[in-house]
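So you can see what is in the structure, the chains are spelled out below.
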Amino acid sequence: MYNIKEGGDYLRKIVGAVLILSAFLLTSCSKAPEKSEEHFFAMDTYMSIEAYGDNSEKCVSQARKRVETLEKLWSATDENSEIYAINHGKNPELSVETLDLLSFTLEMSAKTDGAFDATIYPVLTAWGFTADEHRVPDENELAELLEKVGYGKVSADGNKITLEKGMMLDFGGAAKGYASDECAAIMRENGIKSALINLGGNVYALGKRPDGNLWKIGIADPLGENSENAGIVAVSDRAVVTSGNYQRSFTQNGKTYGHIIDPKTGYPADNDLLSVTVIAEEGKLCDVLSTALFVMGRERAERFFRENGGFDMILIAKSGEIYITEGISENFTSDRKVCVIN
Ligand code: AMP
Ligand code: MG
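The rules we used
- Residues numbered from 1 in each chain as written.
- Chains lettered and ligands numbered in written order.
- Predicted model: local features only at pLDDT ≥ 70, side-chain atom pairs only at ≥ 80, totals over all residues.
- Heavy atoms only, no water.
- Near = heavy atom within 4 Å.
- Polar contact = N/O pair within 3.5 Å; in protein donor to acceptor, adjacent residues only side chain to side chain.
- Areas by Shrake-Rupley, 256 points an atom, 1.4 Å probe, with all protein chains shown as cover.
- Nonpolar A, V, L, I, M, F, W, Y, C, P; charged D, E, K, R; others polar.
- Helix = DSSP H or I, 4+ residues; strand = E, 2+ residues; numbered from the N terminus.
- Expected span 1.5 Å × (residues − 1).
- Buried < 20%, exposed > 50% of the residue type's maximum accessible area, 1.4 Å probe, protein only.
- Phe/Tyr/Trp six-rings, centres within 6.5 Å; stacked < 30°, edge-to-face > 60°.
- Lys NZ or Arg CZ within 6 Å of the ring centre and 35° of its normal.

S.K.: What's the story with the site of ligand 1 in this structure? I'm lost.
M.R.: The full set close to ligand 1 counts 15 residues, and Asp170, Ser243, Ile261, Asp287 and Thr291 are the nearest of them. Between a nitrogen atom of ligand 1 and a main-chain N or O atom of aspartate 117, the distance comes to 2.9 Å. One of the side-chain nitrogen or oxygen atoms of aspartate 287 is found 2.9 Å away from an oxygen atom of ligand 1. Taking 500 Å² as the accessible area of ligand 1 by itself, protein coverage stands at 93%. Looking at the shell around ligand 1 residue by residue, the class counts come to seven nonpolar, five polar and three charged.

Now the structure itself:
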């Protein structure tokens, strides 16, 4: 026979056990992984690195140190850097990293038919972008300087390179992407499964967010005030890098001049695009390509995509339309008119 008292005790025991079990499950399942983050200024821009997991504090600190080491090698204005030495007529033995990025940029310069050119520095300097003393050089000055530009004139000999007199190197269009790959490698080597590396807009989204969802990366609206987004792309284990002349520019006599130079003309790239975002597995590829495709303009960028592939892209046109490649069409959201490139 059913005994109310005994039944009540039994019920209380079960309820108690369930409560203890669910409390245990709640603490073990919902315990947020340890989060570590650092915000700092390097490579002339603001950076942030966040990572989740047991080892995260050590990894974030190592990643930041790696970025700072690369900055010391590549800063065009630091008298102790390898790039400064090369640009000032010296012929130092180069580090593995410098040789690695140099050979990658030279290869990509050829592939993009010179839309990317790591020897653009003399022209960039004439426009005053390197010292923040902006000016508009005249055509003769640019024509003379363009003779000092040309990736094809860089000759390598073992771990040294020689530049013609007056030529100069600049990794400004590739260094942050390379550095983001290095940060991601540090995270992976140490077992980190979730991290967001943002090196001045060169984003690397490692794994998924700690809650298991894809990372959501906002794509800036080049015309928007107050950091508005033109769209959001959801990714995992991808670099997302945006280039556009809206990012760094000056205005003189009503005309705006941006920091991405068309190496064929010596003038800031000025075509039908406001920005280019490239999404791929490697940050250095995204960084170089976003700069190069911005120089190319929409039609050439689309042709380059069809001929080469291996990446996705988001083009924001001056017309207001957004063009995206099919590979990210499921993961891109925007209020604007979006056309899929195929
Ligand atoms: P990003 O922000 O990656 O598009 O790079 C822009 C930076 O790359 C500029 O500030 C310059 O340092 C450099 N740069 C400008 N134009 C070019 C170009 N056509 N090829 C390579 N680097 C460039
Ligand atoms: Mg770039």
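Having seen it, we continue.
S.K.: Please clarify how helix α8 (residues 283-296) should be interpreted in this entry.
M.R.: Residue pairs spaced three or four apart in an α-helix point in one direction, given the helix's 3.6 residues per turn. Taking 1.5 Å per residue as the helical rise, α8 with its 14 residues ought to reach 20 Å, and the 20 Å between its terminal C-alpha atoms agrees with that figure. Burial within α8 is extensive, with 14 of its 14 residues counted as buried. One or two steps after α8, the chain reaches glycine 297, where phi turns positive at roughly 85°.

S.K.: Quick question: what am I supposed to make of the packing of aromatic side chains here?
M.R.: Each aromatic ring pair is described using two quantities: the centre-to-centre distance and the angle formed by the ring planes. On inspection of all chains with the given rule, the structure shows ten aromatic pairs. With centroids separated by 6.4 Å and ring planes inclined at 40°, the aromatic side chains of tyrosine 52 and tryptophan 215 adopt a geometry described as tilted. You can see tyrosine 52 sitting in strand β2 (residues 45-52) and its partner tryptophan 215 sitting in strand β7 (residues 215-220), a full 163 residues away along the chain. Ring plane angle 40° and centroid distance 6.2 Å describe the contact between phenylalanine 304 and phenylalanine 311, whose orientation is recorded as tilted. Grouping residues by exposure puts phenylalanine 304 and phenylalanine 311 together as buried. Of the aromatic side chains, those joined through ring pairs into one cluster are Trp127, Phe129, Phe250, Tyr257 and Tyr267. Over the face of the ring belonging to phenylalanine 104 we find lysine 284, whose NZ or CZ atom lies 4.6 Å from the ring centre. We note arginine 298 situated over the ring of tyrosine 323; from NZ or CZ to the ring centre the distance is 3.9 Å.

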